[in-house]
Amino acid sequence: MTSPSPRQVIPLKTELPSALSSAERKTIEGACARLKALPGALLPILHAVQEELGFVPKDAVPLIARQLNLSIAEVHGVVSFYHYYRQQRSGRHVVHLCRAEACQALGAVALEAHAKRSLGIDFHGTTADGAISLEPVYCLGNCALGPSMMIDEKLQGRVSAQRFDALMAQARAPVTKP
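Since we're looking at a predicted model, the values are computed, not measured.

1. A word on the confidence of the model for the protein
Atomic detail in the predicted coordinates should be set aside for any region of low pLDDT.
Now for step 1: Here the protein averages 92 in pLDDT, while 92% of its residues score no lower than 70.
Now for step 2: In the model of the protein, strand 2 (residues 125-126) stands out as the element of lowest mean pLDDT, 94, in contrast to helix 6 (residues 108-119), which has the highest, 98.

2. Some details on the pairing of strand 1 (residues 93-98)
Now for step 1: Within strand 1, five of the six residues are buried, leaving the element largely enclosed by the surrounding structure.
Now for step 2: When strand 1 meets strand 3 (residues 132-137), the two strands line up parallel, connected through six bridges. Directly across from V95, in strand 3, lies its bridge partner L134.
Now for step 3: One ladder, built from three bridges, connects strand 1 with strand 4 (residues 149-151); its direction is antiparallel. Bridging from a neighbouring strand, V95 pairs with I151 of strand 4.

3. Observations regarding the nonpolar core
Now for step 1: If you look at the biggest cluster of nonpolar residues, it comprises 24 residues, and the most contacted ones within it are I28, I45, L46, V49 and I64.
Now for step 2: Going through the elements one at a time, helix 1 (22-35), helix 2 (42-53), helix 3 (60-68) and helix 4 (72-81) are the ones with two or more residues in this core.

4. Some details on the environment of A65
Now for step 1: Looking at the element boundaries, A65 is found in helix 3.
Now for step 2: Spatially, the C-alpha atoms of A65 and L119 are 37 Å apart, while their sequence positions differ by 54 residues.
Now for step 3: Ignoring any residue separated from it by four or fewer positions in sequence, one finds A65 in contact with L70, S71, I72 and V75.

5. Quick notes on the packing of helix 2 against helix 4
Relative placement of two packed helices is described by the angle separating their axes and the distance separating the axes.
Now for step 1: The N-to-C vectors of helix 2 and helix 4 enclose an angle of 60 degrees; their axes lie 11 Å apart at closest approach. Here helix 2 lies oblique to helix 4, going by the angle between them. As for the relative orientation of helix 2 and helix 4, their crossing is right-handed in sense. Taken together, the residues of helix 4 that come into contact with helix 2 (itself represented by L42, L43 and L46) are V75, V78 and V79.
Now for step 2: Of the residues belonging to the contact of helix 2 with helix 4, the class tally is six nonpolar, no polar and no charged.

6. Concerning the environment of Y138
Now for step 1: Its place among the elements puts Y138 in the loop between strand 3 and strand 4.
Now for step 2: The class for Y138 is exposed, based on a relative accessible area of 52%.
Now for step 3: In the structure, Y138 is positioned 37 residues away from E101 in sequence and 8.5 Å away in space, judged by C-alpha atoms.
Now for step 4: Those residues within four positions of Y138 in sequence are excluded, and the remaining contacts are C98, R99 and A100.
Now for step 5: At 3.2 Å, the side chain of Y138 and the side chain of R99 are in polar contact.

Parameters and conventions
- Residues numbered from 1 in each chain as written.
- Predicted model: local features only at pLDDT ≥ 70, side-chain atom pairs only at ≥ 80, totals over all residues.
- Heavy atoms only, no water.
- pLDDT = per-residue confidence, 0-100.
- Helix = DSSP H or I, 4+ residues; strand = E, 2+ residues; numbered from the N terminus.
- Buried < 20%, exposed > 50% of the residue type's maximum accessible area, 1.4 Å probe, protein only.
- Pairing = 2+ DSSP bridges.
- Core = buried A, V, L, I, M, F, W, Y, C linked by side-chain atoms within 4.5 Å.
- Contact = heavy atoms within 4.5 Å.
- Axes fitted to C-alpha atoms, helices over the stretch in contact; angles between N-to-C directions.
- Parallel < 35°, antiparallel > 145°, perpendicular 65-115°, else oblique.
- Left-handed = near helix turned anticlockwise from the far one by under 90°.
- Nonpolar A, V, L, I, M, F, W, Y, C, P; charged D, E, K, R; others polar.
- Polar contact = N/O pair within 3.5 Å; in protein donor to acceptor, adjacent residues only side chain to side chain.

Structure follows, in structure tokens:
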């Protein structure tokens, strides 16, 4: 008679490997701790993470899901559904070009072509120097002053190709401290 083979214990990993730095992890955990008691806390947490880090890292999704007792699929679904959330690090400045009908009627299509050509990127891209990310937006609420764009949080109206170039040169200029 043979004795049964000894049972082997296989440890379970409770945490997935993560590329988050300790500072990023602390930021995400802090946002969760501050905001998870809010009704519908997922969106405020995602906003806070993006505000602090500039994007929502892929490895933040399971961490947020665990904190809110949601599935990874639920959190990923929200991040990927809403265009506002960036899943890759953006440039130092984010440029949103309006693509709504009112701006198109005032020259936004030509401005879009010029922006893509002069920056050397398409929508959702970042320039090689890391200075500028280009994003589409479908209305900035500045219809009477189209074509419109927003650089970071600053709205710009009546943007021509020449004005776009001047604004991009200003955005790329080194910041001087007083």
